[in-house]
Amino acid sequence: MGPHRIVNIEDLRQAARRAVPRVVFDYIDGGADAEITMRENVRAFESVTFRPRCAVRTPQCDLHTSIAGIPMAMPLMLAPVGSSRMLYPRGEEVAAAAAGAAGVPYILSTFSGCRLEDVKAATSGPALLQLYLVGDRAVSISMMERARAAGYTALVVTIDTAVAGMRERDFRNGSKELITRQIGPMLPFVPQFLARPRWLVRFLRDGGMMKFPNVVLPDTGPMAYADVGASLEKSVVTWADFGWIREAWRGPFLIKGIHTADDARRAVDAGASGIVVSNHGGRQLDGVAATLRMLPEVVDAVGSQTEVLIDGGVRRGSDIVKALCLGARAVLAGRAYAYGLAAAGHAGVARTIDILRTDMIRTMKLLGCASVKELNGGFVDSR
Ligand SMILES: Cc1cc2nc3c(=O)[nH]c(=O)nc-3n(C[C@H](O)[C@H](O)[C@H](O)COP(=O)(O)O)c2cc1C
């Protein structure tokens, strides 16, 4: 992960492509349907231009901030990425450890391959738990109780996953067949694993195809991979659920998957400590607007009542600066660190965070701004 070979997130993306089988790389890299929203998320950042204040000395840049009272070394959290253990052995623990070392909070997906207690123990920093309602209410409540006991600081409830999005690449790469564990249907898709023997050996040593140890079903125990789709569809979260979720959790929670001002207001009414403007990185409903384009509408509607975060398309530290200028308090990054994790485990995630941090500092110095708290709309032109 030397700074000469890995200069930016695209370098990490290429390193990930070389390290893991196609089905795993495309699981990270792909989006829903025609991937229009996924591309638009990135393009929206590219289309915002800066308006620097030159001839200003900024020897120090203060990146510190907080979300829901959680202190952060920079305005970045690692987004929930399901099945991270497939990217790298004990992937969730490894990513959380790298985040903690950098003072960046880690959000653990409901669909983690590692036990939530082990993930919390692996990091010196704050951890949040992303919640999907899977199984019945008791299953979610027991997950929340475990998370509270383990020291998770906040909950992140994702609301944009009524059904799993149609990721065409996964379909073509045999994701469905590969989780059947039946040799016949799997066979045509096996060569992609043989092409990455290093990954394969590590994957098998780490226990092979994992289950989800934090989703413990009363009859069958930890949920199996093959049951995820149906289970998500059966237990869609609705606004009415926030009553019992709030009661069961009794702590701060963020709502992730806000696309519009209307839903942002509902989230505030539901008692959210913060909201994440997110379209799941373009992995759910294709054809929705880029998150950065929706951010000003949401900030106008609820920015004075709650903390607004954004994700989708963050590939450079300057993207984080742009999001903050347009009213976000912090961002989540998904693919940017998932590439790093797939490419090189701890070192890869650490490199991701380092790239984003040094980018941010350089950008702010060039803008003539000494603190994230001083970034505002005057530094950008988003027309
Ligand atoms: C491989 C992968 C798995 C994901 N799994 C989850 C998940 O389990 N729960 C969730 O709320 N979001 C999930 N997301 C969405 C991310 O949390 C985040 O919203 C998205 O990655 C942001 O876009 P970006 O990848 O462009 O940064 C996943 C994203 C990726 C790339």
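Placed above this text is the structure.
Residues numbered from 1 in each chain as written. Predicted model: local features only at pLDDT ≥ 70, side-chain atom pairs only at ≥ 80, totals over all residues.

A. Molecular detail of the overall build of the protein. Helix and strand counts for the protein come out as 18 helices and 14 strands. What you see for the protein is a C-alpha radius of gyration of 20 Å, in line with the 21 Å of a compact globule of 383 residues. Overall, the C-alpha framework of the protein stretches about 65 × 50 × 40 Å when taken along its three principal axes. Buried positions account for 51% of the 383 residues belonging to the protein. Contacts in the protein between residues far apart in sequence, at least 24 positions, make up 72% of those at least 6 positions apart. (Helix = DSSP H or I, 4+ residues; strand = E, 2+ residues; numbered from the N terminus. Rg over C-alpha atoms; globule rule 2.2 N^0.38 Å. Buried ≥ 20, exposed ≤ 12 C-beta atoms within 10 Å, placed from the backbone. Contact = placed C-beta atoms within 7 Å.)

B. Spotlight on the site of the ligand. The local shell around the ligand holds 26 residues, among which A79, G82, G281, G334 and R335 are the closest. Only helix 2 (22-29), strand 13 (330-333) and helix 18 (335-367) provide two or more residues apiece to the shell around the ligand. It is helix 18 that provides the largest number of residues to the shell around the ligand, a total of three residues. By residue class, the composition of the shell around the ligand is 11 nonpolar, 11 polar and four charged. (Near = placed C-beta within 6 Å. Nonpolar A, V, L, I, M, F, W, Y, C, P; charged D, E, K, R; others polar.)

C. Seen up close, helix 15 (residues 261-269). D263, A264 and A267 are the residues of helix 15 that are buried. One side of helix 15 holds all its buried residues, which, seen down the axis, span an arc of 105 degrees. Exposed residues on helix 15 whose side chains face more than 90 degrees from its buried face are D262 and D269. Buried residues in helix 15 make contact with strand 10 (253-258), strand 11 (274-277) and helix 16 (291-302). Looking one or two residues past helix 15, G271 carries a phi angle of roughly 95 degrees, positive in sign. (Arc of directions from axis to C-beta.)

D. Inspection of the pairing of strand 6 (residues 127-131) at higher detail. Across the five residues of strand 6, five count as buried, placing the element largely inside the fold. Of the two faces of strand 6, the one holding A127, L129 and L131 and the one holding L128 and Q130 are both buried throughout. Crossover strand 5 (residues 106-108) to strand 6 through helix 6 (residues 116-122) is right-handed. Bridging between strand 6 and strand 7 (residues 154-158) involves four bridges; their strand directions are parallel. (Right-handed = clockwise from strand over helix to strand, strands pointing away. Pairing = 2+ DSSP bridges.)

E. Focus on helix 16. Taking 1.5 Å of rise per residue, the 12 residues of helix 16 would be expected to cover 16 Å, and the 16 Å separating its terminal C-alpha atoms lies within 8% of that figure. Residues of helix 16 that are buried: T291, L292, M294, L295, V298, V299 and V302. Relative to the axis of helix 16, the buried residues are bounded by an arc of 145 degrees and lie together on one face. Where helix 16 is buried, its residues touch helix 3 (36-47), strand 10, helix 15, strand 11, strand 12 (307-311) and helix 17 (317-325). (Expected span 1.5 Å × (residues − 1).)

F. Layout of the environment of E307. Note that E307 resides in strand 12. Taking the C-alpha atoms as reference, E307 lies 28 Å from A121; in sequence the two are 186 residues apart. If sequence neighbours within four positions are ignored, E307 has contacts with I67, A68, S273, G274 and R329.

G. Structural context of the packing of helix 2 against helix 18. The N-to-C vectors of helix 2 and helix 18 enclose an angle of 160 degrees; their axes lie 9 Å apart at closest approach. It follows from the interaxial angle that helix 2 and helix 18 lie roughly antiparallel. Where helix 2 crosses over helix 18, the handedness of that crossing is right-handed. From helix 2, V24, I28 and D29 reach across to helix 18, where they touch R335, A338, Y339 and A342. Of the residues contributing to the contact of helix 2 with helix 18, the split by class is five nonpolar, no polar and two charged. (Axes fitted to C-alpha atoms, helices over the stretch in contact; angles between N-to-C directions. Parallel < 35°, antiparallel > 145°, perpendicular 65-115°, else oblique. Left-handed = near helix turned anticlockwise from the far one by under 90°.)

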